[in-house]
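The primary structure of each chain is shown beneath.
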Amino acid sequence: LEIASPMLLSIGLGGLTFAGADVGGFFGNTESELMVRWMQAGSYTPFFRGHAHHDSKRREPWTFGEPTTTQIRNVVMARYALLPYWYTLFHHASVSGMPTMRPLFFEYPTDEATFAMDDQWMVGSDIVVKPVTSHGVTKTDIYLPGDQPWYDVETYEPFSGPRKVTLPTPLDKVAALQRGGSIIPRKMRLRRSSKLMIQDPYTLFVALDNEGSAKGDLYIDDETTYSFQDGQYALRTFELSGGVLTGKAAEGSATTFTAANQVERIVLIGAAKAPSSIKVTSATNPAARDLSFEYDAKKKVLTIRKPDVVATADFTITIKE
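The paragraphs below set out a description of the structure included in this document. Bear in mind that the values here come from a model prediction, so they are computed numbers and not experimental data. Numbers given to residues run from 1 along each chain, matching the order in which its sequence is written. At least 70 in pLDDT is required for a residue's local features to be given in this predicted model, at least 80 for side-chain atom pairs to be given and counted, and no such filter applies to totals for whole chains, interfaces and linings, which use all residues. With hydrogens and water excluded, all non-hydrogen atoms of the structure serve as input to the side-chain values.

**Here's the deal with the environment of G25**
Then step 1. If you trace the backbone, G25 turns up in the loop between β1 (22–23) and α2 (32–42).
Then step 2. If we skip the residues at most four places from it in the chain, G25 touches W38, H51, A52 and R59. Secondary structure follows DSSP: runs of H or I at least 4 residues long count as helices, runs of E at least 2 residues long count as strands, and numbering of each begins at the N terminus. Any two residues whose heavy atoms approach within 4.5 Å at even a single point are treated as in contact.

**Digging into the packing of helix α3 (residues 68–81) against helix α4 (residues 83–96)**
Then step 1. One can describe the packing of α3 onto α4 by two numbers: an axis separation of 5 Å at closest approach and a directional angle of 50°. One finds that α3 runs oblique with respect to α4. Residues R79, Y80 and A81 of α3 lie in contact with α4, whose contacting residues are L83, P84 and W86.
Then step 2. Class assignment of the residues belonging to the contact of α3 with α4 gives a composition of five nonpolar, no polar and one charged. Structural elements are reduced to axes, namely lines fitted to C-alpha atoms, with helices fitted over the stretch in contact, and the angle between N-to-C directions of any two is expressed from 0 to 180 degrees. An angle below 35 degrees is read as roughly parallel, one above 145 as roughly antiparallel, one from 65 to 115 as roughly perpendicular, and any other as oblique. Here the nonpolar group is Ala, Val, Leu, Ile, Met, Phe, Trp, Tyr, Cys and Pro; Asp, Glu, Lys and Arg are the charged ones; every other residue, Gly included, is treated as polar.

**What to know about the pattern of salt bridges**
Then step 1. Here, a salt bridge means any side-chain nitrogen of Lys or Arg that lies within 4 Å of a carboxyl oxygen of Asp or Glu. Going through the model one piece at a time under the given rule, you end up with 14 salt bridges.
Then step 2. Across the pair K279 and D290 runs a salt bridge, and its minimum N-O distance is 2.6 Å. Here D290 lies in strand β18 (residues 289–290) and K279 lies in strand β17 (residues 277–282), a separation of eleven residues in the sequence.
Then step 3. Residue K279 is classed as partly exposed on the basis of its relative accessible area of 32%.
Then step 4. By sharing partners, the salt bridges in this structure join D152, E154 and K173 into a single network. Each residue is assigned to one of three classes by its accessible area relative to the maximum for its type, calculated with a 1.4 Å probe on protein chains only: buried under 20%, partly exposed between the two thresholds, exposed over 50%.

**Structural notes on the packing of aromatic side chains**
Then step 1. Between 30 and 60 degrees the pair is tilted, below 30 it is stacked and above 60 it is edge-to-face, where a pair is any two Phe, Tyr or Trp rings, Trp via its six-membered ring, whose centres lie within 6.5 Å. Overall, the coordinates contain seven aromatic pairs when judged by the stated rule.
Then step 2. Relative to F47, the ring of F18 lies with its centre 5.1 Å away and its plane at 65°, an arrangement referred to as edge-to-face. With F18 in the loop between α1 (4–13) and β1 and F47 in the loop between α2 and β2 (49–50), this pair connects stretches of sequence that are 29 residues apart.
Then step 3. The interplanar angle of 40° and the centroid separation of 6.1 Å between the aromatic rings of Y226 and F228 together place this pair among those described as tilted.
Then step 4. Y226 gets classed as exposed once you look at its relative accessible area, which sits at 61%.
Then step 5. When its relative accessible area of 29% is taken as the criterion, F228 is described as partly exposed.
Then step 6. An aromatic cluster is present here, built from F18, F47, W86 and F90 joined pairwise through their rings.

**Some details on the side chain of S182**
Then step 1. As for its placement among the helices and strands, S182 is situated in strand β11 (residues 182–186).
Then step 2. Given the relative accessible area of 0%, S182 is considered buried.
Then step 3. Residues adjacent in sequence count toward polar contacts only when both atoms are side-chain atoms; beyond that, a polar contact is any pair of N or O atoms within 3.5 Å, and within protein one must be able to donate a hydrogen and the other to accept it. Here the side chain of S182 touches Q178 through a polar contact of 3.1 Å, side chain to side chain.
Then step 4. At a separation of 2.6 Å, a polar atom in the side chain of S182 contacts the main-chain carbonyl oxygen of R179.
Then step 5. Excluding residues that lie within four positions of it along the chain, S182 makes contacts with D126, F205, V206, A207, A214 and K215.

**Observations concerning the pairing of strand β14 (residues 234–241)**
Then step 1. Within β14, six of the eight residues are buried, leaving the element largely enclosed by the surrounding structure.
Then step 2. Only when DSSP finds a minimum of two bridges between them are two strands counted as paired. With seven bridges joining them, strand β13 (residues 214–220) and β14 adopt antiparallel strand pairing. Within β14, the position partnered with G216 by the bridge is F238.
Then step 3. For β14 and strand β15 (residues 244–249), the ladder comprises six bridges, and the chain directions are antiparallel. Looking at the pairing, S241 lines up with V244 of β15.
Then step 4. Between β14 and β15, which pair antiparallel and follow one another directly, the connecting turn spans two residues, one of which, G242, has a positive phi of 60°.

**Digging into α3**
Residues that lie three or four places apart on an α-helix share one face, since the helix turns once every 3.6 residues.
Then step 1. With 14 residues, α3 ought to run about 20 Å at 1.5 Å a step, and its terminal C-alpha atoms sit 20 Å apart, in line with that.
Then step 2. T68, T69, Q71, I72, V75, R79 and A81 are the residues of α3 that are buried. Under the convention used throughout, the expected extent of a helix is 1.5 Å for every residue step, that is, one less than its residue count.

Written as structure tokens, this is what we have:
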């Protein structure tokens, strides 16, 4: 478990980004605590699979009993929700060769504090992760690079960088934070497989930077054929600036590909106050309409419900103070 991250970081830098360790270890028998920790770590690596020698004991989540089964289930659910982000990262890897799982110095090459780090990593440029790899550990020291805020992916608690912070990591928690200034797409419906998620709507998690801005992208194709090689895909860019969130085709990637998936929810993390109104217009519905929203003043999170814009069509959402 502890040596998996330096191994996978090296493999990724060597050009093979679709790599992962055997969750639970190939040989021997992993007890419940470290099995949960291994699942947490594996869920933030490119290739996430449980695998073992035939002489090892069975390791299906239900074989451990509660609360372990629920803890593992929650990890797997979070991984499946993040598949749109992973799929987008793999598109970029196929074009540029950039690894999906990256050492911190890859994103922050001038920060000498990151140079020797191999026990935490970046998923793309927008998530930093440091899993627990030892028995009985309930706190994690994680380094947060850069001068923008970082937000806990579960609680949305903000932290500033560049510095090391100590986070509580009980057995059902992994240290994972989203970079301020990023937009990460997820699919939040619980399904039995990724195949059944193809038509599901997206939720955009918008983590604001110090200027109240954010940017991200989303790659979509049919997830079945190789028609993307003939241009049958969409690469969408989402950008929030000055209280206006837009969705449009990424520069140089305009195609005729369309998909029916909608954006059903937008979560703005780090919002200073509740807006007075929110309106949306889109290429498929140009008439402006009001959107419902909720604001959590304690967490500073604004949730915009049912914009119902098509992910592959242009749209504009205006947030008025």
